[in-house]
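One letter stands for each residue in the lines below.
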Amino acid sequence: MKKILAVLLVLLIAGFAFAGGNNQRSSGSAASGGASASASASQAFIGLAMPETHVQRWVKDGNSLRDEAVKRGYRAEVQYGDANQATQNQQIESFLTQGAKALIIGNINDGVGSVVSSARREGAIVIAYDRIIQGTNDYEYYITFNNYKVGTLQGEIIAEALNLTAATSAAPKHITLFAGSPTDANANFFFQGAMDVLLPHIERGALQVVGPFPRHYTDTANFQRIATENWQPAIAKARMEALLIGDARNVTLDAVLCPNDTLARAIIEACKADAKYQGKLPVTSGQDAEFDSMMSIKNGEQTGTVFKDTAKLAEAAVMLADQLLKGQPVNIPGAVLAAGATTEIANTGRGYVKTLLLDPIKVTRANLQVPVQAGFFPDAEAAQLR
């Protein structure tokens, strides 16, 4: 009888311990090397927070990230923040409530810092995706493209199309400048990379800037004048329309520095409505190889774009999360740690975060097939680009 009672007592205690364990929220470790390294992929949930849907590439990224996570055996959900940081913060908090072990965040602005800190306390891994999270170091990694090189490629698109090496101060070319969102640190590097290509031609008088002219993104007053809040195309179009009847009224613009494809198309739309540009549009740069802009390049309107194979970025980001969750050494093929000239890309304003960089590719009409051959577009779109 005593033996039976002893066995029943052991089973009762074990049952309480099991129930208590199930009611506790898993925390894990937030240190580099990963939270809940012993958790299997089938048990782990990855939350994917993307900034908006009005830029085509973010929808693609969200889908690619989710597909990669599921392929590796994780549960995954993607949410879009509608360019509203408060909305995105709520979505991230929801991921944490659902027990997310890892978060991959393409943030809207540095207001995301509070939920990133919450994630750290919960033991969830946080990876900043293609936009650095400013003002906090409460996360493991930032993964992106070499955004300074994105800018240099944009500058090269313009310099080559205008043949600036042959231009002179006696017959200068004219350019106006646009930048991305002032809340997106990447916009600084895009702009500076382009300006470092264009400035030598500006300084020798072969290229003249029409409108606001920051030589460096740290010229805050002038940079704010060319920046485009939240990358909104309507803002870029309105500013271009104002330029055409204002600072550019008495000149013909040969080029517009456009930081991404969405804004490039809006700027081209404004130019097409001006009789001065009916026969010849200004040279325009871009970024993201969006289908509509690829068609525009094919049709001779937009001059070029910068292809960032975001399918590879998504694959690399999920691979990184997988390695961190499993406590494995980080080894992402095709990615290098920011160092030397690219160190500032890793600057959060509170220090430097480990940053992995992938390479972008310049695309013009001459090599339009590069993103197509990379499988970047669905078959129906790829057929139209061939």
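Residues numbered from 1 in each chain as written. Predicted model: local features only at pLDDT ≥ 70, side-chain atom pairs only at ≥ 80, totals over all residues. Heavy atoms only, no water.

**Some thoughts on the overall build of the protein chain**
Tallying secondary structure elements over the protein chain gives 13 helices and 13 strands in all. Of all 386 residues assigned to the protein chain, the portion counted as buried reaches 52%. Counting contacts in the protein chain only where the partners sit at least 6 residues apart, residues at least 24 apart contribute 71% of the total. Accessible surface computed for the protein chain: about 16,500 Å², of which carbon and sulfur atoms make up 53%. (Helix = DSSP H or I, 4+ residues; strand = E, 2+ residues; numbered from the N terminus. Buried < 20%, exposed > 50% of the residue type's maximum accessible area, 1.4 Å probe, protein only. Contact = heavy atoms within 4.5 Å. Areas by Shrake-Rupley, 256 points an atom, 1.4 Å probe, with all protein chains shown as cover.)

**As for the nonpolar core**
Ile-46, Leu-65, Ile-104, Ile-127, Tyr-129 and Ile-143 are the most contacted members of the largest nonpolar core, which totals 32 residues. Elements supplying a minimum of two residues to this core: strand 1 (45–50), helix 2 (56–71), strand 3 (102–105), strand 4 (125–129), strand 5 (141–145), helix 11 (310–325) and strand 12 (354–358). A total of 10 residues in this core trace back to one element, the largest contributor, which is helix 11. Core analysis: the next-biggest nonpolar cluster, separate from the first, contains 26 residues, Phe-95, Ile-105, Ile-132 and Ala-346 among them. (Core = buried A, V, L, I, M, F, W, Y, C linked by side-chain atoms within 4.5 Å.)

**Some thoughts on helix 10 (residues 291–298)**
Most of helix 10 sits inside the fold, with six of its eight residues counted as buried. Regarding helix 10, the residues found buried are Phe-291, Ser-293, Met-294, Met-295, Ser-296 and Ile-297. Against the buried residues of helix 10 lie helix 2, helix 9 (261–272), strand 10 (304–307), strand 13 (361–364), helix 12 (369–373) and helix 13 (379–385). Gly-300 lies just past helix 10 and shows a positive phi near 85°.

**Details of the sheet that holds strand 5**
Pairing within the open sheet is mixed, and its seven strands lie in the order 2-1-3-4-5-12-11. Two strands in the sheet have a free side with no partner beyond their single neighbour: strand 2 (75–80) and strand 11 (336–337). One ladder, built from five bridges, connects strand 5 with strand 12; its direction is parallel. Looking at strand 12, one finds that Ile-143 is bridged to Leu-356. (Pairing = 2+ DSSP bridges.)

**What about the sheet that holds strand 9 (residues 283–284)?**
Pairing in this open sheet of four strands is parallel, and the strands run 7-6-8-9 from one edge to the other. Each of the sheet's edge strands pairs with one partner strand only, and the pair in question is strand 7 (207–209) and strand 9. Sheet topology note: the strand 6 (residues 173–177)/strand 8 (residues 255–257) ladder contains three bridges and is parallel. Counted as the bridge partner of Leu-177 is Leu-257 from strand 8.

**What to know about the confidence of the model for the protein chain**
Counting all residues, the mean pLDDT for the protein chain is 90, and 89% of those residues have values of 70 or more. Taken as a whole, residues 1–39 scores under 50 in pLDDT and shows 34 contacts with residues more than four places along the chain or in a different chain. (pLDDT = per-residue confidence, 0-100.)

**Quick look at the environment of Arg-204**
Along the chain, the position of Arg-204 falls in the loop between helix 6 (185–203) and strand 7. For the pair formed by Arg-204 and Thr-168, sequence separation is 36 residues and the distance between their alpha carbons is 7.9 Å. Apart from the residues within four sequence positions on either side, Arg-204 is in contact with Leu-164, Thr-165, Ala-167, Thr-168 and Ser-169.

**Details of the packing of aromatic side chains**
The full count for this structure, using the stated rule, is eight aromatic pairs. Look at Phe-45 and Phe-95: their rings are 6.0 Å apart centre to centre, the planes differ by 75°, and that puts the pair in the edge-to-face class. With Phe-45 in strand 1 and Phe-95 in helix 3 (residues 85–97), the pair connects residues that are 50 residues apart, well separated along the chain. You can call Phe-95 buried: its relative accessible area is 0%. Following the ring pairs from residue to residue traces out a cluster consisting of Phe-291, Phe-307, Phe-376 and Phe-377. The residue whose ring lies beneath Arg-57 is Trp-58, and the NZ or CZ to ring-centre distance is 4.0 Å. (Phe/Tyr/Trp six-rings, centres within 6.5 Å; stacked < 30°, edge-to-face > 60°. Lys NZ or Arg CZ within 6 Å of the ring centre and 35° of its normal.)

**What about the pairing of strand 5?**
Most of strand 5 is tucked away, with five of its five residues classed as buried. Side chains Tyr-141, Ile-143 and Phe-145 project from strand 5 onto one buried face, and the interleaved Tyr-142 and Thr-144 project onto a second face that is buried too. One ladder, built from three bridges, connects strand 4 with strand 5; its direction is parallel. Considered in strand 5, the bridge of Ile-127 is made with Tyr-141.

**Remarks on the environment of Asn-260**
Its location among the elements puts Asn-260 in the loop between strand 8 and helix 9. A relative accessible area of 3% means that Asn-260 is categorised as buried. For the pair Asn-260 and Ala-289, spaced 29 residues apart in sequence, the C-alpha separation works out to 8.8 Å.

**Some details on the packing of helix 3 against helix 4 (residues 113–122)**
Two numbers describe how helix 3 lies on helix 4: the axes approach to 10 Å, and their chain directions differ by 10°. Classified by the angle between their axes, helix 3 and helix 4 sit roughly parallel to one another. On the side of helix 3, the interface is formed by Asn-89, Ile-92, Glu-93 and Leu-96, while helix 4 contributes Ser-114, Val-115, Ser-118, Ala-119 and Glu-122. Across the contact of helix 3 with helix 4, the residue classes break down as four nonpolar, three polar and two charged. (Axes fitted to C-alpha atoms, helices over the stretch in contact; angles between N-to-C directions. Parallel < 35°, antiparallel > 145°, perpendicular 65-115°, else oblique. Nonpolar A, V, L, I, M, F, W, Y, C, P; charged D, E, K, R; others polar.)

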